[in-house]
Amino acid sequence: MISPTSLPDSHGHFGAFGGMFVPETLMYALRELAAEYERAKVDPAFHAELNRLLKEYVGRPTPLYHAERWSEILGGARIYLKREDLLHTGAHKINNALGQILLAMRLGKKRIIAETGAGQHGVATATVAARFGCDCVIYMGAEDMRRQALNVARMRFLGAEVRAVTAGQATLKEAVNEAMRDWVTNVRSTHYILGSALGSHPFPMIVRDFHRIIGVEAREQIIAREGRLPDHLVACVGGGSNAIGLFHTFLEDASVKMTGVEAGGEGISEGKHAARFQGGKLGVLQGTKTMLLADRDGQIQLTHSVSAGLDYAAVGPEHAYYMSEGRIQYTYATDAEALDAFQTLARIEGIIPALETAHGLAEVKKLAPTLSKDQIIIANLSGRGDKDVAEAARHIFKEDLKF
Amino acid sequence: MTNRIDAAFSRLQASGKKAFVAYVCAGDPTLDRTVEVVRALEQSGVDIIELGLPFSDPLADGVVNQMAAGRALAAGATMGGVLDLVRHIREESQIPIVLFTYLNPVYAWGFTKFHADAAAAGADGVLLLDLPPDEDGLNAELTTEGAALRRIRLIAPTTPAERMREIAAKSEGFIYYISREGVTGVQQTLATNIAEQVAQIKAGGSTVPVCVGFGISTPEQSHDVALAADGVVVGSAIVRIVEQHGHAPDLAQKLIAFVKPLVDAAKI
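Residues numbered from 1 in each chain as written. Chains lettered and ligands numbered in written order. Predicted model: local features only at pLDDT ≥ 70, side-chain atom pairs only at ≥ 80, totals over all residues. Heavy atoms only, no water.

Observations regarding the overall build of chain A
When helices and strands are counted, chain A shows 15 helices and 14 strands. Relative to a compact globule of 403 residues, whose C-alpha radius of gyration would be 22 Å, chain A shows 19 Å and is just as compact. For chain A, the spread of C-alpha atoms along the three principal axes comes to 55 × 45 × 45 Å. Split into buried and exposed, the 403 residues of chain A put 65% on the buried side. Taking contacts inside chain A between residues at least 6 apart in sequence as the whole, the part at least 24 apart equals 74%. In chain A, 45 positive and 47 negative side-chain charges are present, and the distance between their average locations comes to 2 Å. (Helix = DSSP H or I, 4+ residues; strand = E, 2+ residues; numbered from the N terminus. Rg over C-alpha atoms; globule rule 2.2 N^0.38 Å. Buried < 20%, exposed > 50% of the residue type's maximum accessible area, 1.4 Å probe, protein only. Contact = heavy atoms within 4.5 Å. Lys, Arg positive; Asp, Glu negative; His and termini not counted. Charge placed at Lys NZ, Arg CZ, Asp CG, Glu CD.)

A word on the pairing of strand S10 (residues 257-265) of chain A
Look at any regular strand and the pattern is simple: side chains alternate between the two faces of the sheet. All names here are of chain A. Most of S10 sits inside the fold, with eight of its nine residues counted as buried. Pairing of strand S9 (residues 232-236) with S10, which is carried by five bridges, proceeds in the parallel orientation. Looking across to S10, one finds that Ala-235 is bridged to Gly-260. The β-α-β motif built from S9, the intervening helix H11 (residues 241-247) and the parallel element S10 has right-handed crossover chirality. Taken together, the six bridges between S10 and strand S13 (residues 329-334) define a ladder with parallel strand orientation. Of the residues in S13, the one forming a bridge with Thr-259 is Gln-329. (Pairing = 2+ DSSP bridges. Right-handed = clockwise from strand over helix to strand, strands pointing away.)

Overview of the domain arrangement of chain A
All names here are of chain A. According to the domain assignment, chain A contains domain 1 (12-54 + 93-207) and domain 2 (62-90 + 213-396). Averaged C-alpha coordinates put domain 1 and domain 2 at centres separated by 22 Å. If you look at the interface, domain 1 gives 41 residues, while domain 2 gives 45 residues. Regarding the contact of domain 1 and domain 2, the summed buried area is about 3200 Å², with carbon and sulfur atoms giving 60% of it. In this assembly, domain 1 and domain 2 are joined by two salt bridges. Residue Glu-391 pairs with Arg-146 through a salt bridge whose shortest N-O separation is 3.9 Å. Scanning the region where domain 1 abuts domain 2 turns up 15 residue pairs in polar contact (both at pLDDT 80 or more). (Domains from an automatic or database assignment. Buried area = accessible area lost by both parts, 1.4 Å probe. Salt bridge = Lys/Arg side-chain N within 4 Å of Asp/Glu carboxyl O. Polar contact = N/O pair within 3.5 Å; in protein donor to acceptor, adjacent residues only side chain to side chain.)

Focus on the interface of chain A and chain B
Facing the 33 residues of chain A at the interface are 41 residues of chain B. Surface buried jointly by chain A and chain B totals about 3100 Å² across both partners, of which 52% is contributed by carbon and sulfur atoms. Of all residues in chain A, Glu-24, Arg-181 and Asp-297 of chain A bury the most surface against chain B, accounting for 23% of the area lost on that side. Linking chain A with chain B are five salt bridges, by the criterion used here. If you list the elements that add at least two residues to the side of chain A that touches chain B, you get strand S2 (17-21), helix H1 (24-41), helix H8 (172-186), strand S11 (281-285) and strand S12 (287-292) of chain A.

Notes on unusual backbone geometry
All names here are of chain A. Following Leu-7, the chain continues into Pro-8 via a peptide bond in cis, with omega recorded as 0°. Within the secondary structure, Pro-8 sits in the segment before strand S1 (13-14). Cis geometry is found at the peptide bond from His-201 to Pro-202, where omega equals 5°. Structurally, the position occupied by Pro-202 is in the loop between strand S8 (190-192) and helix H9 (203-211).

Notes on the sheet that holds S13 of chain A
Neighbouring strands of a sheet are bound in pairs by backbone hydrogen bonds; such pairs are parallel or else antiparallel. Residues and elements named next belong to chain A. Within the open sheet, the six strands sit side by side as S3-S4-S14-S9-S10-S13. Their pairing is mixed. This sheet does not close on itself; its edge strands, each paired only once, are strand S3 (64-66) and S13. Strand after strand, the sheet turns through a mean of 25° between neighbouring axes, direction not considered. By the bridge criterion, three bridges tie S3 to strand S4 (residues 78-82) in an arrangement that is antiparallel. Looking across to S4, one finds that Leu-64 is bridged to Lys-82. Contacting S4, S9, S10, S13 and strand S14 (376-380), helix H14 (residues 355-367) runs over the sheet at an angle of about 145° to S9. (Axes fitted to C-alpha atoms, helices over the stretch in contact; angles between N-to-C directions.)

Quick word on the packing of helix H5 (residues 120-131) of chain A against helix H7 (residues 149-157) of chain A
Each pair of packed helices can be described by the angle between their axes along with the distance between the axes. All names here are of chain A. Running from N to C, H5 and H7 cross one another at 10°; their axes reach a closest spacing of 9 Å. Classified by the angle their axes make, H5 and H7 are roughly parallel. Between H5, through Gln-120, Gly-122, Val-123 and Ala-126, and H7, the contact on the second element is made entirely by Asn-151, Arg-154 and Met-155. The residue inventory of the contact of H5 with H7, partitioned by class, reads three nonpolar, three polar and one charged. (Parallel < 35°, antiparallel > 145°, perpendicular 65-115°, else oblique. Nonpolar A, V, L, I, M, F, W, Y, C, P; charged D, E, K, R; others polar.)

Remarks on the sheet that holds strand S5 (residues 111-116) of chain A
All names here are of chain A. With parallel pairing, four strands are arranged side by side in an open sheet as S7-S6-S5-S8. Both outer strands of the open sheet, strand S7 (161-165) and S8, are each paired with one neighbouring strand and no more. With direction set aside, neighbouring strand axes in the sheet form an average angle of 25°. Summarising the sheet, S5 and S8 pair through three bridges and their orientation is parallel. Across the sheet, residue Arg-111 finds its bridge partner in S8, namely Thr-190.

What to know about the packing of aromatic side chains
Counted by the stated rule, this structure contains 11 aromatic pairs over all chains. Relative to Phe-210 of chain A, the ring of Tyr-37 of chain A lies with its centre 5.9 Å away and its plane at 75°, an arrangement referred to as edge-to-face. Pair noted here: Tyr-37 of chain A is in helix H1 and Phe-210 of chain A is in helix H9, with a separation of 173 residues, a long-range link. Plain terms: the ring middles of Tyr-176 of chain B and Phe-214 of chain B are 6.1 Å apart, the flat faces sit at 80° to each other, and that makes the pair edge-to-face. Taken as a pair, Tyr-176 of chain B in strand S7 (residues 175-178) and Phe-214 of chain B in the loop between strand S8 (210-213) and helix H9 (219-228) lie far apart in primary sequence, 38 residues in all. Summarising the burial analysis for this pair, Tyr-176 of chain B and Phe-214 of chain B share the class buried. Among the aromatic residues, those joined into a ring-pair cluster are Tyr-37, Phe-46 and Phe-210 of chain A. Sitting above the plane of the Tyr-65 of chain A ring, Arg-83 of chain A keeps its charged end 6.0 Å from the centroid. Over the aromatic face of Tyr-57 of chain A sits the side chain of Arg-131 of chain A, whose NZ or CZ is 5.9 Å from the ring centroid. (Phe/Tyr/Trp six-rings, centres within 6.5 Å; stacked < 30°, edge-to-face > 60°. Lys NZ or Arg CZ within 6 Å of the ring centre and 35° of its normal.)

Section: the side chain of Glu-24 of chain A
Mapped onto the elements of the fold, Glu-24 of chain A is located in helix H1. The contact partners of Glu-24 of chain A, leaving out residues within four places of it in the chain, are Leu-129, Leu-154, Ile-155, Ala-156, Thr-158, Thr-159, Arg-163 and Ile-167 of chain B.

Listed below in structure tokens is the structure:
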């Protein structure tokens with residue numbers, strides 16, 4: 001395994017994955033962004049502003065919460081939850097949105113665009129765009145706008161224009177296509193705040209770095225609390241930003257096992273899931289070479305997940321690399337398992353998680369009982385479930401809530 | 001055998017003429033009809049065909065080409081089918097053919113195998129929209145060793161001057177200069193600095209012809225671009241004719257009526 005701190009290489013490759021597979025029009029903007037990021041990385045003023053805003057505006061550090069009741073009921077490992085759900089806007093996404101808008105300011109770009117699936121990244125982007133006085137356009141699949149209506153309203157309150165994307169299956173992948181088309185057209189004035197550890201270099205690196213604080217804090221917190229490193233880390237993986245944020249700091253600690261949980265949807269058959277490591281193959285989509293769901297002819301397949309944020313055909317290239325190296329294990333949770341974990345956490349711990357997050361919790365539910373009581377799991381509670389209330393009610397109570 | 005693209009430019013340059021390159025999506029509305037479409041384009045005086053190999057996620061394309069790809073895929077266009085189509089065209093025509101697509105369908109077929117199979121079928125060049133020269137040599141599986149296909153490269157208005165020359169030095173067949181920032185599609189007005197940009201691309205000493213496209217739809221625009229560059233590329237405007245008349249018995253006549261004036265305007 002290549003040292004995690006030296007990845008990606010200068011070309012944006014994580015071993016055989018990653019890279020810059022974009023139309024020529026975007027190459028200049030991507031190179032400009034990468035260069036500006038390298039300058040910002042060594043600029044103490046950049047870090048000072050980022051850290052001040054993370055503390056005062058976003059609400060970092062987030063607590064590491066010992067889920068005692070749940071741990072006891074499952075009867076195995078001690079479960080800790082990294083409470084990213086308590087951040088401003090309700091999910092980890094704002095770590096990256098804030099970092100990237102500071103980069104956009106340095107680049108002198110005052111128009112911000114983003115794609116969103118569940119709407120959490122869209123809300124985070126609309127929030128920082130408002131905070132920095134930028135014009136903001138969010139691309140969102142029409143189907144996702146239906147199932148995440150609350151977040152659509154939030155983005156509009158924040159002054160963003162939410163543009164519905166009706167192509168294809170009208171979910172996250174189509175929203176990324178449309179955001180890329182906007183960026184190709186308005187590249188000189190516009191910064192694209194990509195929301196996951198996906199797409200062309202330098203995005204997977206930048207997004208990871210801005211979320212890395214999740215693991216950095218968790219590491220300090222668990223050592224302070226338990227005097228040692230955790231045995232297992234668990235996080236859901238759509239593009240994989242919250243997972244790589246939690247995992248990255250621990251990659252060189254061989255004793256720490258890691259599991260990424262993809263969306264198993266209605267089960268692993270074509271078009272019914274979004275688990276790229278179950279039957280996916282190597283390919284190139286939306287700027288990066290990674291594991292993806294495509295047919296024999298390379299056409300991207302339909303995906304399904306109850307959670308809009310995991311409903312995407314490709315996984316972040318860094319995850320593909322650590323999968324190929326065997327450093328991170330990947331499994332999946334079905335819609336039903338995620339909905340069950342969603343209910344469980346609400347009733348046992350009084351925390352309503354996002355449906356994306358619930359996929360990771362479903363794995364915790366399976367894993368914890370297999371471990372002894374002196375073992376420790378940290379799960380990333382990447383977002384809260386307010387946005388999912390209507391969708392979850394539809395599935396759990398069989399009711400259509402109207403807001 | 002001399003590559004058909006190279007031969008076409010030699011012939012054109014010898015007679016002081018500019019090239020006219022037409023893009024259509026293979027399989028729109030069906031692969032059989034594309035044979036007729038290509039025949040009509042050749043009859044209109046088109047010099048080179050860019051044959052789009054449809055992809056489910058064409059992120060550099062505007063809505064006209066997206067819908068064409070959608071129609072082609074819905075009608076069952078596959079890589080194998082498009083290669084058969086090229087063979088079929090070759091039974092009656094020697095017009096140069098560039099396969100224009102995104103990387104993933106090519107990747108799925110096998111990158112090296114695609115280059116061999118496409119050349120064997122009778123294609124002359126390939127243009128992969130999302131494979132910039134930056135990735136050359138960085139991906140073991142993306143090798144084209146010994147391939148007879150000309151690799152057409154893109155240059156954009158955002159491409160810095162030094163990078164323009166680097167890309168030009170690596171280009172084969174012709175360079176496709178994207179005359180404006182944006183996705184493919186018809187534009188009301190053309191960029192004004194095309195001649196300047198073409199001169200800049202050639203400043204490094206590259207002798208590869210420069211063709212200019214993105215947004216051209218009228219004889220006036222075709223004429224203006226032909227004055228500034230070695231060739232004119234028209235795509236979406238032609239795709240729109242196929243969209244409107246794809247199933248009509250007089251599709252060929254409709255295409256010729258639209259395309260011939262564009263070609264004539266470029267033949268200055």
